[in-house]
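Residue-level listing of the chains:
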Amino acid sequence: MITINENYLRLQASYLFSDIAKRVAKFQQDNPQTDVIKLGIGDVTKALPQAAITAFHKAVDEMADDASFRGYGPEQGYDFLREAIAKNDFQAREAEIAADEIFVSDGAKCDTGNFQELFSEEAVVAIPDPVYPVYLDTNVMAGRSGEFTNGRFENIVYLDCTKENGFVPDLPQEKVDLIYLCFPNNPTGSTISKEELKGWVDFAAENKALILFDAAYEGFIVDESLPHSIYEIEGAKKVAVEFRSFSKTAGFTGTRCAFTVVPKECLVYDKSGAEHSLHALWNRRHCTKFNGVSYPVQRAAEAIYSPEGQAQCKELAAFYRKNAETVLKTMSGLGYFCMGGINSPYIWIEAKGGSWQFFDMLLEKAGVVCTPGAGFGSCGEGYIRISSFNSYEKVVEAMERVEKTLQ
Ligand code: MLT
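Here's a quick rundown of the structure. (Residues numbered from 1 in each chain as written. Predicted model: local features only at pLDDT ≥ 70, side-chain atom pairs only at ≥ 80, totals over all residues. Heavy atoms only, no water.)

Focus: the pattern of salt bridges
(1) Moving on: Within the structure shown, the criterion is met by 20 salt bridges.
(2) Moving on: Where Lys394 meets Asp35, a salt bridge forms, and the shortest distance between an N and an O atom there is 3.3 Å. Of this pair, Lys394 sits in helix H12 (residues 392–406) while Asp35 sits in the loop between helix H1 (16–30) and strand S1 (37–38), placing them 359 residues apart in sequence.
(3) Moving on: With a closest N to O distance of 3.8 Å, Glu265 and Lys238 form a salt bridge. Here Glu265 is found in the loop between strand S10 (258–261) and strand S11 (267–269), whereas its partner Lys238 is found in helix H7 (residues 236–239), with 27 residues between them in sequence.
(4) Moving on: In this structure Glu265 comes out as partly exposed when scored by relative accessible area, which is 36%. (Salt bridge = Lys/Arg side-chain N within 4 Å of Asp/Glu carboxyl O. Helix = DSSP H or I, 4+ residues; strand = E, 2+ residues; numbered from the N terminus. Buried < 20%, exposed > 50% of the residue type's maximum accessible area, 1.4 Å probe, protein only.)

Some thoughts on the packing of aromatic side chains
(1) Moving on: In this structure the tally under the stated criterion is 27 aromatic pairs.
(2) Moving on: Aromatic side chains Phe246 and Phe252 sit 5.8 Å apart centroid to centroid with 45 degrees between the ring planes, which places their arrangement in the tilted category. Taken individually, Phe246 and Phe252 each receive the classification buried, so the pair is uniform in this respect.
(3) Moving on: The interplanar angle of 70 degrees and the centroid separation of 5.9 Å between the aromatic rings of Tyr336 and Phe358 together place this pair among those described as edge-to-face. Of this pair, Tyr336 sits in the loop between helix H10 (307–333) and strand S13 (338–340) while Phe358 sits in helix H11 (residues 355–366), placing them 22 residues apart in sequence.
(4) Moving on: A relative accessible area of 11% means that Tyr336 is categorised as buried.
(5) Moving on: Note on Phe358: relative accessible area 5%, which makes it buried.
(6) Moving on: Ring-pair connections join several aromatic residues into one group, and the members of that group are Phe17, Phe167, Phe337, Trp348, Phe376 and Tyr383.
(7) Moving on: Stacked on the ring of Tyr336, the Lys or Arg Lys352 has its end atom at 4.2 Å from the ring centre. (Phe/Tyr/Trp six-rings, centres within 6.5 Å; stacked < 30°, edge-to-face > 60°. Lys NZ or Arg CZ within 6 Å of the ring centre and 35° of its normal.)

As for helix H3 (residues 79–90)
(1) Moving on: Given a rise of 1.5 Å per residue, 12 residues ought to cover 16 Å, and the 16 Å separating the end C-alpha atoms of H3 matches this to within 8%.
(2) Moving on: Listed as buried for H3 are Phe80, Leu81, Arg82, Ala84, Ile85, Ala86, Asp89 and Phe90.
(3) Moving on: Of the surrounding elements, those touching the buried residues of H3 are strand S2 (102–105), strand S9 (240–245), S10 and helix H9 (295–303). (Expected span 1.5 Å × (residues − 1). Contact = heavy atoms within 4.5 Å.)

Some words on the site of the ligand
(1) Moving on: Phe17, Ile41, Gly42, Tyr132, Asn186, Tyr217, Lys248, Tyr346 and Arg385 make up every residue found near the ligand.
(2) Moving on: One of the side-chain nitrogen or oxygen atoms of Lys248 is found 3.0 Å away from an oxygen atom of the ligand.
(3) Moving on: Arg385 is positioned with one of its side-chain polar atoms (N or O) 2.7 Å from an oxygen atom of the ligand.
(4) Moving on: Here the ligand has 270 Å² of accessible area as a free molecule, and 85% of this is covered by the chains.
(5) Moving on: For the shell around the ligand, a count of residues per class yields 5 nonpolar, 2 polar and 2 charged. (Near = heavy atom within 4 Å. Polar contact = N/O pair within 3.5 Å; in protein donor to acceptor, adjacent residues only side chain to side chain. Areas by Shrake-Rupley, 256 points an atom, 1.4 Å probe, with all protein chains shown as cover. Nonpolar A, V, L, I, M, F, W, Y, C, P; charged D, E, K, R; others polar.)

Notes on the sheet that holds strand S14 (residues 346–350)
(1) Moving on: Taking strand neighbours across the sheet as the criterion, the 4 strands line up as S13-S14-S17-S16 in an open arrangement whose pairing is antiparallel. The sheet terminates laterally at S13 and strand S16 (371–372), the two strands that pair on one side only.
(2) Moving on: In the sheet, S16 pairs with strand S17 (residues 383–387) via 2 bridges, with the strands oriented antiparallel. In the sheet register, Pro372 faces S17, and the bridge partner there is Ile384. (Pairing = 2+ DSSP bridges.)

Digging into the packing of H11 against H12
(1) Moving on: For the pair H11 and H12, interaxial distance at closest approach is 10 Å and the crossing angle is 105 degrees. In this view, H11 runs roughly perpendicular relative to H12, as classed from their interaxial angle. Judged by residue contacts, Phe358, Met361, Leu362, Lys365 and Ala366 of H11 engage Arg401, Val402, Thr405 and Leu406 from H12.
(2) Moving on: Of the residues belonging to the contact of H11 with H12, the class tally is 6 nonpolar, 1 polar and 2 charged. (Axes fitted to C-alpha atoms, helices over the stretch in contact; angles between N-to-C directions. Parallel < 35°, antiparallel > 145°, perpendicular 65-115°, else oblique.)

Focus on the sheet that holds strand S8 (residues 210–214)
(1) Moving on: Ordered by their spatial adjacency, 7 strands build an open sheet running S2-S10-S9-S8-S7-S3-S6, and the pairing between neighbours is mixed. In this open sheet, the two strands that pair with only one neighbour each are S2 and strand S6 (156–160). Strand-to-strand twist of the sheet, defined as the mean angle between neighbouring strand axes without regard to direction, takes the value 20 degrees.
(2) Moving on: The pairing of S8 with S9 spans 4 bridges and is classified as parallel. Bridging from a neighbouring strand, Leu212 pairs with Val241 of S9.
(3) Moving on: Strands S2, S9 and S10 of the sheet are contacted by H3, whose axis makes an angle of about 115 degrees with S2.

What to know about the side chain of Thr326
(1) Moving on: With respect to the secondary-structure elements, Thr326 resides in helix H10.
(2) Moving on: Thr326 gets classed as buried once you look at its relative accessible area, which sits at 17%.
(3) Moving on: Here Thr326 is in contact with Tyr392, Val395, Val396 and Met399, once residues within four sequence places are set aside.

What about the environment of Ala324?
(1) Moving on: In this structure, Ala324 sits in helix H10.
(2) Moving on: Taking the relative accessible area as the measure of exposure, Ala324 reaches 0% and is therefore buried.
(3) Moving on: When the C-alpha atoms of Ala324 and Phe389 are compared, they prove to be 8.4 Å apart, with 65 residues separating the residues in sequence.
(4) Moving on: Among all residues touching Ala324, those that are not within four sequence positions of it are Gly341, Ser344, Ile347 and Ser388.

Side note on the nonpolar core
(1) Moving on: Among the nonpolar cores identified, the biggest contains 54 residues, and Ile211, Phe246 and Phe252 are the most heavily contacted of them.
(2) Moving on: Not counting chain neighbours up to four residues away, the residues in contact with Phe252 comprise Leu48, Ala52, Phe246, Ser247, Cys257, Val297, Ala300, Ala301 and Ile304. (Core = buried A, V, L, I, M, F, W, Y, C linked by side-chain atoms within 4.5 Å.)

A word on the side chain of Thr371
(1) Moving on: Mapping Thr371 onto the fold places it in strand S16.
(2) Moving on: Within the local environment of Thr371, its side chain forms a polar contact with the backbone oxygen of Gly40, the two atoms lying 3.5 Å apart.
(3) Moving on: Residues in contact with Thr371, not counting those within four places in the same chain, are Leu16, Phe17, Ile20, Gly40, Ile41, Phe376, Ile384 and Arg385.

This is the structure:
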């Protein structure tokens, strides 16, 4: 008899964004005349930057010729891309990350979800609330949680992110082993200062804990005092892994390319307390379970580090930021408390009621899709998230409809 991993039975019904997509599809089927505007899942709408497209085409042509064709590439990514990343994303910010500490992958979702595999089932996991659901769900699948009672899993240390703490969690009071942080934050759009982040790095060092830092939205930072990478913080290379993505900053949601930084000096421990290299462990896993990102995609990613590519990505971020500004202005103008939307493509809005009720009301009355905050955790109840990823015209129209509905 084939038996299942019963940890899966503890998971909540379905993945948040699939659940929303189903509800929207049903609404659309019942109301075919409504032109639904989607400001729910953070999926980009603008074409790839021209620099990426040119490199993509050229690489496809190389694959069409026996002389320049490439088969399996290195699992960790081609040197040309790893070097461009190390130089532009880290060394340029005085974060001393080397090319061979970078693992190119097909998405930050997969990497943030897969990374926990390296740790024991007993590892105590600290997860912000609200949070991108992947961190929690993958730890539940791995058996690190107990039952789900009163809106929370047993054995998980929840880091409450509330209006009171500016949606930046306080350090845990108890001992934890694995800490998830995401800044600029998904879903709240909050940011963390270098001083606050230093507090987390010191905490991890004191407790021999590891920080998994998701920086997928760093490309939206405009406030130059904010850290783009955790490695801008002294001591972070010993205690932190960083996840980055080309999805939101270069429009790669459908193209798929991301990377994870695992510094060589980062140490983890076995039961006896003996030290092990995290880099070696992740490399072992990556080579066993992953065969690399396709060559044309890596060439397209490399091209975004060219001067033209960088300028085009800045334009993309500015485009979505203008949308975010429009949402922020409308919702604050209507008297709603808002967070984010400045160094982030997401606006976190206090709903003055239940978040699913607000979601249903916006969908039914305005034909606008948002994401209910409760889907990101119990501290998200009473909030909704609006994403700025859509065309400017659609965002303006969505806000006009929302204004009419809520006034
Ligand atoms: C989101 O809307 O939170 C993200 O787009 C989801 C993702 O990146 O997987």
